[in-house]
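Listed below, chain by chain, are the residues.
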Amino acid sequence: MAMVGTTIFSHILPVIFGFFALILIISGSLEDNNPKLGLGIALFIIACIFPYVVLSVLV
């Protein structure tokens, strides 16, 4: 049963976070909206680090 949880945290959630991060980065840079750009960058970094942090706790 642990395989279902690891798949969600390693493959599904980072892709969703990364997708929304790229949308926020593009939207923030085109509109010159710095808070939206900063949120997109932070969300992208979270999407990159998230699997390592969660999977180290689960496995």
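Residues numbered from 1 in each chain as written. Predicted model: local features only at pLDDT ≥ 70, side-chain atom pairs only at ≥ 80, totals over all residues. Heavy atoms only, no water.

### Considering the environment of Phe17
- In this structure, Phe17 sits in helix α1 (residues 2-30).
- For Phe17, a relative accessible area of 26% corresponds to the partly exposed category. (Helix = DSSP H or I, 4+ residues; strand = E, 2+ residues; numbered from the N terminus. Buried < 20%, exposed > 50% of the residue type's maximum accessible area, 1.4 Å probe, protein only.)

### Side note on the environment of Asn34
- You can see Asn34 is positioned in helix α2 (residues 34-58).
- For Asn34, a relative accessible area of 58% translates into the label exposed.
- Through-space distance from the C-alpha of Asn34 to that of Ile23 is 14 Å; in sequence the pair is eleven residues apart.

### Some remarks on the pattern of salt bridges
- Taken as a whole and judged by the stated rule, the model has one salt bridge.
- Taking the shortest distance from any N to any O, the salt bridge between Glu31 and Lys36 comes out at 3.2 Å.
- On the basis of relative accessibility, which here comes to 24%, the residue Lys36 falls in the partly exposed class. (Salt bridge = Lys/Arg side-chain N within 4 Å of Asp/Glu carboxyl O.)

### Let's talk about the packing of aromatic side chains
- If you walk through the whole model with that rule in mind, you get three aromatic pairs.
- Seen from their ring centres, Phe17 and Phe50 are 5.7 Å apart, and the 70 degrees between their planes marks the pair as edge-to-face. You can see Phe17 sitting in helix α1 and its partner Phe50 sitting in helix α2, a full 33 residues away along the chain.
- By way of ring pairs, the aromatic residues Phe9, Phe17 and Phe50 are connected into one cluster. (Phe/Tyr/Trp six-rings, centres within 6.5 Å; stacked < 30°, edge-to-face > 60°.)

### Re the side chain of Ser27
- Within the fold, Ser27 resides in helix α1.
- Taking relative accessible area as the criterion, Ser27 reaches 19% and is therefore assigned buried.
- Polar side-chain contacts of Ser27 include one of 3.3 Å to the side chain of Lys36. (Polar contact = N/O pair within 3.5 Å; in protein donor to acceptor, adjacent residues only side chain to side chain.)

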